[in-house]
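Observations on chain architecture
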Amino acid sequence: MPHFAEKAYYVTTPIYYVTAAPSIGSAYTTVMGDVLTRWHRQRGEKVWYLTGTDEHGQKVMRAAEANCQTPQAWTDHLVETAWKPVLDTIDVVNDQFIRTTDPEHTERVQEFWRRLHEAGDVYEGRYEGPYCVGCEEFKLLAELVTVDGVGCCPIHGTPVETVSEANYFFAMSRYADRLLELYETRPDFVQPESARNEVVAFVRSGLEDLSISRSSFDWGIKVPWDESQVLYVWIDALLNYVTAAGYGTDPERFARLWPADVHLVGKDILRFHAVIWPAMLLAAGLEVPRQVFAHGWLLVGGEKMSKSKATAIAPEVLTRHFGSDAYRYYFAKTIAFGSDGSFSWEHMTAVYTSELANGLGNLASRVTAMVGKYFDGHLPAPAADGAAEKALAEALATTVETADAAIDRLAMHDAVGAVAEFVSTVNGYVTEQEPWKVAKDTSAEGRARLASILYAAAESLRAVAVLHNPVMPKTCQALWASLGAGAVGELSAQRVQTSRRWGQLPVGATLTKGPLLFPRVEEAAE
Ligand code: ME8
């Protein structure tokens, strides 16, 4: 429960189908949301971060059947043994975890649709057409791709099924004009721009009503006015964002959380979030979210990696080798949020080695070792800053500016990239200033110069620990401790905006060269 009075910055991930254990694909959205929300917390804002699991529908039901279990037993097991534990593996701090089989969710979903039914937005009809269970989506014939003469889903490449049944429809087409007005008046509602254009074109081409129930299977929430049918999995799942926020149960909590500030989604589920979801909310007289942001896909060998394909990689395979911080850094920095990106073991190893082990890790160990060697581990008082130190302080100010603005655009890659660039600048500064040579000059001037260089380098690292904390919390905590920065306060209490203030590390702070922040990967425990 949020224990604060003002509106929280409310971020959601999709809720994931419990068909298998999580892959690095589903973990991608969750990590990116975690970097985003940790950054906002580091700004001092109240934040609420929701994730969870989508447990109804044919896709999950068939996975359970294939494993000879009831869907409930299957999801209970997998959620507890895989979906919740993966959050630790990738070091995510979510405020809440929702399961669509939670009774409170089920009740609120029924209540929502009962209202729309009573208001005349739901009618009885008959649906006939192609359906992809992989997407849990009705498809248009025109969308299908033909493989060996069979109509297949363009995303899954598997044959679609034909559904022909009497069911209920949501009169979504009534909301087409209001949706177009929403996209028009609030250009930020769907982002990035390419996603917005796609959605606008889709609704302009004519919006059809939506079949919202199924009668041929029963793993779902019962239609409240007709128990022979279950609600279509998507119109149950989308409601998680409001049921988790207290919709219909806790008005105060709901007022503090809703509308969500951003729904993070993969581009595969953009239309559900940018068309169906706001149409449902408009029909119910609820506010629409502030933004739906569609990111790209992780590709392996040029194809979308998914739980159902052999290309799926479990996050712990990578975190075991590289550690959770390097994992988070790699995905956050190397893939532009909003575009597709390719993962390869070789690329990840190269980034780890050059940017983390040889970059940040080496810098931290050089600086702390030199303070140990030349000043007995106590941070020396700097003389007046020279041009190089002033340039460093200015580079820091620019970094904070750039990174903070990038976060507002949800360009997490630019934010992490700006801080990484600052690390390179500091590394360059140390290399150019050659403190190991200055140390040979034992005159008072030489000592003063050495003190200034090491102070500036350590002070830069203090800021790096704050600015990289949202992406690499464990490393930054270790760095904070090795800089003796506890004297400045807790790392989590440091604010993005004030991190640029130069001269915060107190003279005399105890620096220790701890274990390597990023051990060589071949040395990492397998
Ligand atoms: O669609 N690259 O669940 P889902 C990037 N239950 N992101 C990926 C990815 C990849 N290769 N693979 C998965 C559902 N994702 C519904 C959502 S929300 C009300 C219901 C991420 O398990 C991405 O965010 O198929 C994608 O949208 C989501 O996982 C789909 O997860």
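Here, the structure is the one placed above.
Below is a summary of the structure that appears in this document.

Cut-off values and rules
Residues numbered from 1 in each chain as written. Predicted model: local features only at pLDDT ≥ 70, side-chain atom pairs only at ≥ 80, totals over all residues. Heavy atoms only, no water. Pairing = 2+ DSSP bridges. Helix = DSSP H or I, 4+ residues; strand = E, 2+ residues; numbered from the N terminus. Core = buried A, V, L, I, M, F, W, Y, C linked by side-chain atoms within 4.5 Å. Buried < 20%, exposed > 50% of the residue type's maximum accessible area, 1.4 Å probe, protein only. Contact = heavy atoms within 4.5 Å. Arc of directions from axis to C-beta. 1 Å grid on protein atoms, 1.4 Å probe; cavity = no way out; pocket = protein on both sides within 12 Å on 5 of 7 lines; lining within 4 Å. Points joined across faces, edges and corners; volume = space filled by probe spheres on them. Nonpolar A, V, L, I, M, F, W, Y, C, P; charged D, E, K, R; others polar. Expected span 1.5 Å × (residues − 1).

Regarding the sheet that holds strand β11 (residues 213–214)
Within the open sheet, the 3 strands sit side by side as β11-β13-β12. Their pairing is antiparallel. Among the strands making up the open sheet, the edge pair consists of β11 and β12 (222–223). Pairing between β11 and strand β13 (residues 226–231): 2 bridges, direction antiparallel. Of the residues in β13, the one forming a bridge with R214 is V230.

Description of the nonpolar core
In terms of nonpolar packing, the biggest core is built from 182 residues, with Y10, W113, F170, M280 and F331 touching the most fellow members. The element that contributes the greatest number of residues to this core is helix α18 (residues 444–467), accounting for 14 residues. The residues touching F331, leaving out its near neighbours within four places in the chain, are I24, Y28, M32, L298, L318 and F343. In this structure, C132, C135, C153 and V160 belong to the second largest nonpolar core, which totals 5 residues.

So, the sheet that holds strand β10 (residues 210–211)
Overall, antiparallel pairing links the 4 strands, which are arranged β5-β4-β8-β10 in an open sheet. This sheet does not close on itself; its edge strands, each paired only once, are β5 (137–138) and β10. Pairing of strand β4 (residues 122–132) with strand β8 (residues 161–170), which is carried by 10 bridges, proceeds in the antiparallel orientation. In the strand pairing of β8, G129 is matched with V163.

Some details on helix α6 (residues 176–185)
What α6 keeps buried is the set A176, L179, L182 and Y183. End-on view of α6: buried residues confined to an arc of 120 degrees, all on one side of the axis. Facing away from the buried side of α6 by more than 90 degrees, the exposed set consists of D177, E184 and T185. Here the buried face of α6 lies against β9 (190–191), α7 (193–204) and α11 (270–284).

Brief notes about unusual backbone geometry
Of the consecutive residues Q191 and P192, the connecting peptide bond is found in the cis state with omega at -5 degrees. One can find P192 in the loop between β9 and α7. Going from W258 to P259, the amide bond is cis rather than trans, its omega being 5 degrees. Position of P259 relative to the elements: it lies in the loop between α10 (251–257) and β14 (262–266). Within the chain, E136 stands out as a residue other than glycine whose phi angle is a positive 50 degrees. Along the chain, E136 falls in the loop between β4 and β5. Even without glycine at this site, D376 takes up a positive phi of about 55 degrees. Following the sequence through the fold, D376 ends up in the loop between α14 (345–375) and α15 (387–408). Looking at D376, the relative accessible area reads 67%, which means it is exposed.

Considerations on the layout of surface pockets
Gaps left between atoms show up when a probe the size of a water molecule is rolled over them. Each pocket or cavity is described by its volume, and for the second largest pocket that value is around 440 Å³. Around the second largest pocket sit 21 residues that line it, and F138, L140, F202, E208 and L210 are the ones nearest its centre. Where the lining of the second largest pocket is concerned, the elements lending two or more residues are β5, β10 and α11. If one sorts the elements of the lining of the second largest pocket by residue count, α11 sits on top with 4 residues. Residue composition of the lining of the second largest pocket, by class: 12 nonpolar, 3 polar and 6 charged.

Observations concerning α15
Relative to the 32 Å expected for 22 residues at 1.5 Å per residue, α15 spans 32 Å between its end C-alpha atoms, a close match to the ideal helical length. If you check which residues of α15 are buried, you get E389, L392, A393, L396, T399, V400, A403, D404, A406 and I407. The buried residues of α15 occupy an angular sector of 155 degrees when the element is viewed end-on, so they sit on one face. Looking at α15, the residues exposed on the side facing more than 90 degrees away from the buried face are A387, E394 and D408. Buried residues belonging to α15 abut α1 (24–42), α16 (412–433) and α18. Trailing α15 by a residue or two, L410 shows a phi angle of about 60 degrees, which is positive.

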